[in-house]
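Letter by letter, the chains look like this.
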Amino acid sequence: MSRPAPRPGLRDIDYYMVGIAKLPGFDRVFKLSSNESPLGASPRALEAAGKVLENMHRYPEVDMERLQEALAVRFGLEPGRIAFGAGSDDLLARLVQTYAGPGDEVIHSAHAYMQFPIYAATAGAHPVAAPDDDFRHSVDGILGCVTDRTKVVIVANPDNPSGTHLSGAEVRRLRDKLPAGVLLIVDAAYEEYAAANDYESGTALVAERDDVVVTRTFSKVFGLAGLRVGWCYAPPEVIDLLNRTGPSFPVNLVAKAAGLAALADRAHMEAVLAHNAKWLRRFSDALRDMGLVVYPSQTNFVLVRFPGSDGTSALAADRALQSQGIIARRFAVPDFEDKLRFTMGLDDEMEAAIAALGQFMSGNRG
Ligand SMILES: Cc1ncc(COP(=O)(O)O)c(C=O)c1O
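From a predicted model like this one, the values you see are computed outputs, not experimental measurements.

Participant: Account for the environment of Leu32, with residues named and values stated.
Facilitator: By the secondary structure assignment, Leu32 is in the loop between strand S1 (30–31) and helix H1 (43–52). Residue class for Leu32 comes out buried when judged on its relative accessible area of 0%. Leu32 sits 178 residues away from Asp210 along the chain, and the two C-alpha atoms are 38 Å apart. Setting aside residues up to four positions removed in sequence, Leu32 forms contacts with Ile326, Ile327, Ala328, Arg329, Arg341, Phe342, Thr343, Gly345, Glu349, Met350 and Ala353.

Below, the structure written as structure tokens:
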């Protein structure tokens, strides 16, 4: 008997590898692998989440107006241009699926967020990996890949795993040079961390044009990764399509309440940003002093390149770190074999990581 057949190509999609969270023999691990917030969620978000639990037998209210309003006030946006998803991953997948299908092409940078080609292939479209510039998006590299089949271009800004960013001027140049009719998706999951003077929120472009969408999330600086709530800022037609085609209740009851409270707690967010800026600088400086290459980051993590000779490979470093209970992120794909990514953690976690890497580098240099 023949089994029901999925759409062609779906079985060929590679799994997205999430970061590991446990190590045998360690009760407490130092998890620097998933770009989560080390300071956790705001106490106000925890309290708000607790309060709505008694209603968990009810569907969440359909209207998301309070959260829309709160985001609009916080970031100076129009509430009607905001839609929600179960994490920004959910929105990214739905956006790609809405604008690209079989026979279409979706362009992403070669070393960008590794979910992008998965979303394209899931939609039945062809993912096209554009050449980048030493792990940083290249506008010309992307433009060089455009064909008449291109439907979507998707750029994470700042990017993951590299942590690098494109200036506002470069994003605008990309949009201006893309053909009309191509949707530009700017995935700004790490936007709140971006401190570079030339970084510009993509939301300004959304206000000016009808062919740009920006996705954002409560998972990173707001510390709600486990609740899964993301949002996007988009032209009215895109919002309408997302609302027509999405699930009835994209955001759960607890996520909605916690999101609202997290947004209101500015002090918590400022503390998270200050902690991150401190460790981004200290950790990057310490690793550079050890002779490691640290990619410039506008996020809450850094990508680090290991020399690879005399035993100082990324794999060996990863093993040495894990033997001390420290989990970095290794991507077992060819261009990342000499690299590890480290999320900024708590003070003791970062101190331990610097000490362990120092030992590893000096031990292997003899
Ligand atoms: C670049 C980028 N985009 C999107 C996401 C998805 O975030 P979430 O679905 O938690 O909003 C992540 C998560 O790590 C990410 O790194």
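Moving on, there is more to tell.
Participant: Tell me about the environment of Gly76, and please be specific about residues and values.
Facilitator: Inspection of the secondary structure puts Gly76 in the loop between helix H2 (65–75) and strand S2 (82–85). Gly76 gets classed as exposed once you look at its relative accessible area, which sits at 65%. As for Gly76 and Met17, which are separated by 59 residues in sequence, their C-alpha atoms are 36 Å apart.

Participant: Tell me what's going on with the site of the ligand, and back it up with residues and numbers.
Facilitator: The environment of the ligand is made up of 13 residues, and the closest members are Ser88, Asp187, Thr217, Ser219 and Arg228. One of the side-chain nitrogen or oxygen atoms of Asp187 is found 2.5 Å away from a nitrogen atom of the ligand. Taking Arg228, its side chain carries an N or O atom lying 2.6 Å from an oxygen atom of the ligand. Taken by itself the ligand offers 400 Å² of open surface, and the protein chains cover 93% of this. With respect to the pocket detection grid, the ligand is positioned in the second largest pocket. When grouped by side-chain class, the residues that make up the shell around the ligand number 4 nonpolar, 5 polar and 4 charged.

Participant: Break down the packing of H2 against helix H9 (residues 253–264) for me, with residues and values.
Facilitator: Each pair of packed helices can be described by the angle between their axes along with the distance between the axes. Packing of H2 against H9 brings their axes to within 10 Å, and their N-to-C directions diverge by 20°. By the angle between their axes, H2 is roughly parallel relative to H9. In this structure, H2 crosses over H9, and the sense of that crossing is left-handed. Of the residues in H9, those in contact with Arg66, Leu67, Ala70, Leu71, Arg74 and Phe75 of H2 are Lys256, Gly259, Leu260 and Leu263.

Participant: Lay out the packing of aromatic side chains in plain terms, naming residues and giving numbers.
Facilitator: The full count for this structure, using the stated rule, is 11 aromatic pairs. When the ring of Phe306 is compared with that of Phe360, the centres are 6.5 Å apart and the planes differ by 75°; the resulting orientation is edge-to-face. Here the residue Phe306 occupies a position in the loop between strand S10 (301–305) and helix H11 (314–322), and Phe360 occupies one in helix H12 (residues 347–365), the gap between them amounting to 54 residues. We classify Phe306 as buried; its relative accessible area is 3%. A centroid spacing of 5.4 Å and a plane angle of 55° characterise the contact between Phe331 and Phe336, whose relative ring orientation is tilted. Summarising the burial analysis for this pair, Phe331 and Phe336 share the class buried. The ring of Phe75 carries Arg216 above its face, with NZ or CZ at 4.4 Å from the centroid.

Scoring rules and cut-offs
Residues numbered from 1 in each chain as written. Predicted model: local features only at pLDDT ≥ 70, side-chain atom pairs only at ≥ 80, totals over all residues. Heavy atoms only, no water. Helix = DSSP H or I, 4+ residues; strand = E, 2+ residues; numbered from the N terminus. Buried < 20%, exposed > 50% of the residue type's maximum accessible area, 1.4 Å probe, protein only. Contact = heavy atoms within 4.5 Å. Near = heavy atom within 4 Å. Polar contact = N/O pair within 3.5 Å; in protein donor to acceptor, adjacent residues only side chain to side chain. Areas by Shrake-Rupley, 256 points an atom, 1.4 Å probe, with all protein chains shown as cover. 1 Å grid on protein atoms, 1.4 Å probe; cavity = no way out; pocket = protein on both sides within 12 Å on 5 of 7 lines; lining within 4 Å. Sits in = over half its atoms within 2 Å of the grid points. Nonpolar A, V, L, I, M, F, W, Y, C, P; charged D, E, K, R; others polar. Axes fitted to C-alpha atoms, helices over the stretch in contact; angles between N-to-C directions. Parallel < 35°, antiparallel > 145°, perpendicular 65-115°, else oblique. Left-handed = near helix turned anticlockwise from the far one by under 90°. Phe/Tyr/Trp six-rings, centres within 6.5 Å; stacked < 30°, edge-to-face > 60°. Lys NZ or Arg CZ within 6 Å of the ring centre and 35° of its normal.

Everything listed here is a matter of coordinates, which is why it stays silent on function.
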